[in-house]
Amino acid sequence: MEDQLKLIVKWNGAEYELDELLLNDNVETLKNSICKKTGVRPERQKLLNVKFKGKMPPDECEISELKLKPGFKILMMGSLEAAIADANTIPDDLPSVINDFDIEEGEEVPIENKEVYLAKIQKRVSDYEVKILNPSRPGMKLLVLDIDYTLFDHKSAAETGYELMRPFLHEFLKSAYRHYDIVIWSATSMKWIEEKMKLLGVSNHCDYKIAFYLDYLAMISVHTPKYGVIQVKPLGVIWGKFPMYTPDNTIMFDDIRRNFLMNPQNGLRIRAFRQAHTHRQTDRELLKLAKYLDSIANLDSLSSLDHRNWERYLRSWRKEKMKRRGDSGEGSSFQGSSP
Ligand SMILES: [Mg+2]
């Protein structure tokens, strides 16, 4: 039929064809049709790249008005009722990594110097194209950030992406930006990364700038005897492409330790941010990590640090700072008790 429109919806890593839609159907019908395919209820669907006059289209808006081309891929965010019910009943004392397996704390997986992986990294260095968003700044260190569960809870249901943002994200990025160039590296496609960063208001923030994004194509697969083939994020790709960044001045945050298997010393495993609705009030991880980044920013090299002990390091740095303040008598918070 002439007025039929085939669309595709991409959700949770899979694609679903919507083949029953007519151009004069409205957005409500579109959402119902997505629900039929994915099970995500219309009110839980967030259609990231479907806009009407720059905003989310109202339910009564006709599909023809959205000017979608046949075969257009709609990026959808939203959770299943079952998943939401599950999330609400998961006890708090479960380990933070539930879906993604991880390597064990302190486990050495000696693959760093294997020729074949170095060759793979070299191939990424020469073939992977990085779109520079903002130029590197001389003298800055480098902070590489994962997205899902690091900056954003991508599984919980919400009306807006903003609700799923980890608390203090912008404050954290603003603070880090004073000493670090910032790179976002997520094991998903560039399209998703761009949409998410837009959604969170990171891509055009006035207080900080992101140097560039890396997606799953910059990752490599490695074989480990214990875990089989796994995907990792080798910082060597960045170091090879951008010589100003080195093992000495780079730090990477990810909620999954295996992602920094190729460069364990540079990785800091951040606590995963899940169940945003429950944890939004209490999660202070990014505030604390902003302080940690501060505390190490003036070191000539980060390579002697063990980021597994970042909280301990931060505590003694604070103590030291207080002591120095006390010694010099300046900036003391106990002025009232001075003689
Ligand atoms: Mg993650």
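Criteria and thresholds
Residues numbered from 1 in each chain as written. Predicted model: local features only at pLDDT ≥ 70, side-chain atom pairs only at ≥ 80, totals over all residues. Helix = DSSP H or I, 4+ residues; strand = E, 2+ residues; numbered from the N terminus. Buried ≥ 20, exposed ≤ 12 C-beta atoms within 10 Å, placed from the backbone. Contact = placed C-beta atoms within 7 Å. Pairing = 2+ DSSP bridges. Core = buried A, V, L, I, M, F, W, Y, C linked by C-beta atoms within 7 Å. Axes fitted to C-alpha atoms, helices over the stretch in contact; angles between N-to-C directions. Parallel < 35°, antiparallel > 145°, perpendicular 65-115°, else oblique. Nonpolar A, V, L, I, M, F, W, Y, C, P; charged D, E, K, R; others polar.

A. Geometry of the overall build of the chain. Scanning the chain from terminus to terminus reveals nine helices and 11 strands. Taken across its 339 residues, the chain has 32% of its residues classed as buried. Put simply, of all contacts in the chain between residues at least 6 apart along the chain, 68% involve residues at least 24 apart.

B. Quick look at helix α4 (residues 169-177). For α4, the complete set of buried residues consists of L169, F172, L173, S175, A176 and Y177. Those residues of α4 that are buried are in contact with β5 (141-145), β6 (180-185) and α8 (285-296).

C. Looking closely at the pairing of β5. Of all five residues that make up β5, five are buried, and the element is covered over most of its length. Of the two faces of β5, the one lined by K141, L143 and L145 and the one lined by L142 and V144 are each fully buried. Relative to β6, β5 runs parallel, the two sharing five bridges. Pairing of L142 across the sheet is with D181, part of β6.

D. Representation of the environment of I270 in the model. Assignment of secondary structure puts I270 in the loop between β11 (267-269) and α7 (276-279). The class for I270 is buried, based on 23 C-beta atoms found within 10 Å. Taking the C-alpha atoms as reference, I270 lies 6.7 Å from T150; in sequence the two are 120 residues apart. Dropping the residues within four chain positions of it, I270 is found in contact with T150, F253, D254, D255, E285 and L289.

E. Structural detail: the nonpolar core. If you look at the biggest cluster of nonpolar residues, it comprises 54 residues, and the most contacted ones within it are L143, V144, A176, I182, V183 and I184. Every residue in contact with L143, bar those within four places of it in the chain, is listed here: A176, Y180, I182, I251 and L293. In terms of nonpolar packing, the next biggest core, distinct from the first, is built from 14 residues, L7, W11, V27 and I74 among them.

F. Examining the packing of α4 against α8 more closely. Running from N to C, α4 and α8 cross one another at 5°; their axes reach a closest spacing of 9 Å. The angle between the axes of α4 and α8 places the two elements in the roughly parallel class. Across the interface between the two elements, L169, E171, F172, S175 and A176 from α4 touch L286, L289, A290, L293 and D294 from α8. Its residues placed into classes, the contact of α4 with α8 shows seven nonpolar, one polar and two charged.

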